[in-house]
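# Architecture at a glance
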Amino acid sequence: MTDKQPLKYMKAQIFVLSIFAAGLIAAPTLPAQAQGCCGGSGMCDMSNCPMSGRDSSSTAQLAQPATVAGQQSQSFTCVFNNYLHMETALANDSLVGVADDGQAIAKTVNNDTANTFPATVAQQADAVAHASDLESARAAFKPLSDSLIKYLADHNEKDAYVKVYCPMARASWLQADKNVKNPYMGQAMSGCGEIQN
């Protein structure tokens, strides 16, 4: 072994360790991001927050389409992550976090200079945020779901999330995966729904 070989070996080890350390440093930031991607600041800073409202375990599988770029991507991710939080809460017969998620969506849409989403999405999200009970929140969640489903279809992103239809509620919604959890029927009929994509 020459004098240069140990140095080359050490450089390779340092490089590998620095990559490993970077991964360890980045991963623990996720739970801290549950404070909200839009809370208080207006627009989402996606370097700091892929989600809002709840812990990271409930949103670990959120889709983030690669075809959406820049500010549009920030708005897209923030709107859909908060929407999915709402959907999860309603499916669990809960309003916990729903108002915050609705306000975060409305704020993101209203402050988005790229006009990624139509203004009606902000109005619909605000209606969900101001619902006083589960029944009114679920009623307000229907038009918001329809608008976001239409947005995905119009922008060739319909495979980004799973579309589900409930014949009993006569309404559709979006999910991150194919494990049906009905936001309109809640725990009483959690599995009621037909996957449509």
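For the structure itself, consult the block above.
Residues numbered from 1 in each chain as written. Predicted model: local features only at pLDDT ≥ 70, side-chain atom pairs only at ≥ 80, totals over all residues. Heavy atoms only, no water.

## Section: the packing of aromatic side chains
Note the threshold: Two rings from Phe, Tyr or Trp (for Trp, the six-membered ring) form a pair when their centres sit within 6.5 Å of each other. Planes less than 30 degrees apart are called stacked, planes more than 60 degrees apart edge-to-face, and all others tilted. Comment: elements are numbered from the N terminus, with helices defined as DSSP H or I runs of at least four residues and strands as E runs of at least two. Exposed residues in this analysis have more than 50% of their type's maximum accessible area, buried residues have under 20%, and partly exposed residues fall in between, with area computed by a 1.4 Å probe over protein chains only.
If you walk through the whole model with that rule in mind, you get 10 aromatic pairs. Ring centres 6.1 Å apart and planes at 50° place the aromatic pair Phe76 and Tyr151 in the tilted group. In this pair, Phe76 sits in helix 3 (residues 70–91) while Tyr151 sits in helix 6 (residues 134–154), placing the two residues 75 residues apart along the sequence. One exposure class covers both Phe76 and Tyr151, and it is buried.

## Looking at helix 5 (residues 119–129)
Basically, it comes down to this: The arc in question is the one spanned by the directions pointing from the helix axis to the C-beta atoms.
The complete set of buried residues in helix 5 reads Val121, Ala122, Gln124, Ala125, Val128 and Ala129. For helix 5, the buried positions fall inside an angular range of 165° around the axis, keeping them on one side.

## Thoughts on the sheet that holds strand 1 (residues 162–166)
Note the threshold: Paired strands, as defined in this entry, are two strands with at least two bridges between them according to DSSP. When checking whether two residues touch, look at their non-hydrogen atoms; a contact exists if any pair is within 4.5 Å. Axis lines are fitted to C-alpha atoms, over the contacting stretch for helices. Their N-to-C directions set the angle, which ranges from 0 to 180 degrees.
Read from one edge to the other, the open sheet built from three strands follows the order 2-1-3, with strand pairing classed as antiparallel. Edge positions in the sheet fall to strand 2 (171–175) and strand 3 (194–195), since each has one partner strand and no second. Taken together, the five bridges between strand 1 and strand 2 define a ladder with antiparallel strand orientation. Across the sheet, Val162 pairs through a bridge with Gln175, a residue of strand 2. Against the sheet, helix 6 engages strand 1 and strand 2, with an angle of about 60° to strand 2.

## A look at the nonpolar core
The line we're drawing: What makes a nonpolar core is a set of buried Ala, Val, Leu, Ile, Met, Phe, Trp, Tyr and Cys residues whose side-chain atoms join them at distances within 4.5 Å.
Phe80, Tyr83, Ile105, Phe117, Leu144 and Leu148 are the most contacted members of the largest nonpolar core, which has 38 residues in total. The set of elements that each furnish at least two residues to this core consists of helix 3, helix 4 (98–111), helix 5, helix 6, strand 1 and strand 2.

## Quick look at the pattern of salt bridges
Using the following cut-off: The salt bridge definition used is simple: a Lys or Arg side-chain nitrogen within 4 Å of an Asp or Glu carboxyl oxygen.
One pass over the structure, following the stated rule, counts two salt bridges. Close ionic contact of Asp93 with Arg138 constitutes a salt bridge, the shortest N to O distance being 2.6 Å. Within this pair, whereas Asp93 is found in the loop between helix 3 and helix 4, its partner Arg138 is found in helix 6, the two being separated by 45 residues in sequence. The class for Asp93 is partly exposed, based on a relative accessible area of 33%. When its relative accessible area of 13% is taken as the criterion, Arg138 is described as buried.

## Let's talk about unusual backbone geometry
A positive phi angle, near 55°, is found at Asp93, a position not held by glycine. Phi angles above zero are rare outside glycine, and Arg170 is one such case at about 55°. Relative to the helices and strands, Arg170 resides in the loop between strand 1 and strand 2. A residue is classified by how much of its surface remains accessible, and Arg170, at 71% relative accessible area, is exposed.

## Regarding the pairing of strand 2
Among the five residues of strand 2, five are classified as buried, and the element is accordingly described as predominantly covered. Of the two faces of strand 2, both are covered, the one formed by Ala171, Trp173 and Gln175 as well as the one formed by Ser172 and Leu174. Linking strand 1 to strand 2, which pair antiparallel, is a turn of four residues; within it Arg170 sits at a positive phi near 55°.

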